[in-house]
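Fold and contact review
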Amino acid sequence: AMATAEGSEGREPGSEEGSEQGCEHYRRGCRLRAPCCGKLYPCRLCHDGAEEHQLDRFRVSEVQCSRCRLLQKAQQRCEGCGNLFGEYYCDICHLFDCDKKQYHCQECGICRIGPKEDFFHCSKCNLCLSLSLQGKHKCIENVSRQDCPICLEDIHTSRVGAHVLPCGHLLHRTCYDEMLKEGYRCPLCMHSALDMTRYWRQLDNEVAQTPMPTEYQNMMVEILCNDCNARSTVQFHLLGMKCQSCESYNTAQDGRCRLSLEEQ
């Protein structure tokens, strides 16, 4: 089973009891005073959508209570009326939200959806991964600092969770689902993104039952396997050519066709 890297911050607005405040992104009882322009916004995402610059979450120092409108230092509860700004509050990211078992990962540098005990931080990949991937994933240095190869948007701080492919590359979960409608290969390295074994064996039967025309029957071709990187010389077939090393059909022709020795 393919586990996924967890996304940052909130996903869907929660239902904080007694609160009518917040936005489509978070449930919170205060507005942030943007350190860049001094304007008040429900969250950094609302700010970034309205302004032509980005709010630095780490520089936020003031918030305004949504109930009594008191402007004050960033903290979890209003010092004027006692209003709870968020069931969860991080004084590093200045993230206020309903409780989604969030935790701040020091190594990632941001808050993650938890619970914390279900995840570990891979120091080489430099991101938090599901415990089910511990010792069972291919590490790529700082992989989450690369943009998603499908939508070209940030993965590390995205609110959309990431999917870890067998090759170690990351895609947004939503981009991964879209990719599977068009193909099965990682867009970066062409490695199979799924366990294709069952399909390869079906292809074995189709190849066996589909003889090539006479002029192609002794045609040999060099292939390179996208899954194991092995090179093979195999009989040419239009339906696909199987790697002699790992038996994958995820191969590419690597050289010209040539007649077998008997025909030369």
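An unreviewed UniProt entry lists the protein under the name RING finger and CHY zinc finger domain-containing protein 1, from Serinus canaria. Under the Pathway (unreviewed entry) heading, UniProt states for the protein: "Protein modification; protein ubiquitination." In its Catalytic activity (unreviewed entry) section, UniProt records this for the protein: "S-ubiquitinyl-[E2 ubiquitin-conjugating enzyme]-L-cysteine + [acceptor protein]-L-lysine = [E2 ubiquitin-conjugating enzyme]-L-cysteine + N(6)-ubiquitinyl-[acceptor protein]-L-lysine."

**Here we look at the packing of aromatic side chains**
As enumerated under the stated definition, the model contains 6 aromatic pairs in all. Here the aromatic rings of Tyr 199 and Trp 200 are separated by 5.6 Å at their centres, their planes lie at 55°, and the arrangement is tilted. Look at Trp 200 and you get buried, because its relative accessible area is 6%. Ring centres of Tyr 216 and Phe 236 lie 5.7 Å apart, and the angle between their planes is 35°; on these two criteria the pair is classed as tilted.

**Overview of helix H2 (residues 173-182)**
Listing the buried residues of H2 in full gives Cys 175, Tyr 176 and Met 179. Down the axis of H2, the buried side of the element spans an arc of 100°, and every buried residue falls inside it. Residues of H2 that are buried in the fold lie against strand S12 (162-164) and strand S13 (170-172).

**Some details on the sheet that holds strand S3 (residues 40-41)**
Judged by pairing direction, the sheet is antiparallel, and its 4 strands sit side by side in the order S3-S2-S4-S5 without closing on themselves. For this open sheet the edge positions go to S3 and strand S5 (71-73), each flanked by a neighbour on one side alone. The pairing of strand S2 (residues 30-33) with S3 spans 2 bridges and is classified as antiparallel. Paired with Arg 33 across the two strands is Leu 40, which belongs to S3.

Reading the values: rules and limits
- Residues numbered from 1 in each chain as written.
- Predicted model: local features only at pLDDT ≥ 70, side-chain atom pairs only at ≥ 80, totals over all residues.
- Heavy atoms only, no water.
- UniProt positions renumbered as here; feature names shortened; annotations may be inferred.
- Phe/Tyr/Trp six-rings, centres within 6.5 Å; stacked < 30°, edge-to-face > 60°.
- Buried < 20%, exposed > 50% of the residue type's maximum accessible area, 1.4 Å probe, protein only.
- Helix = DSSP H or I, 4+ residues; strand = E, 2+ residues; numbered from the N terminus.
- Arc of directions from axis to C-beta.
- Contact = heavy atoms within 4.5 Å.
- Pairing = 2+ DSSP bridges.

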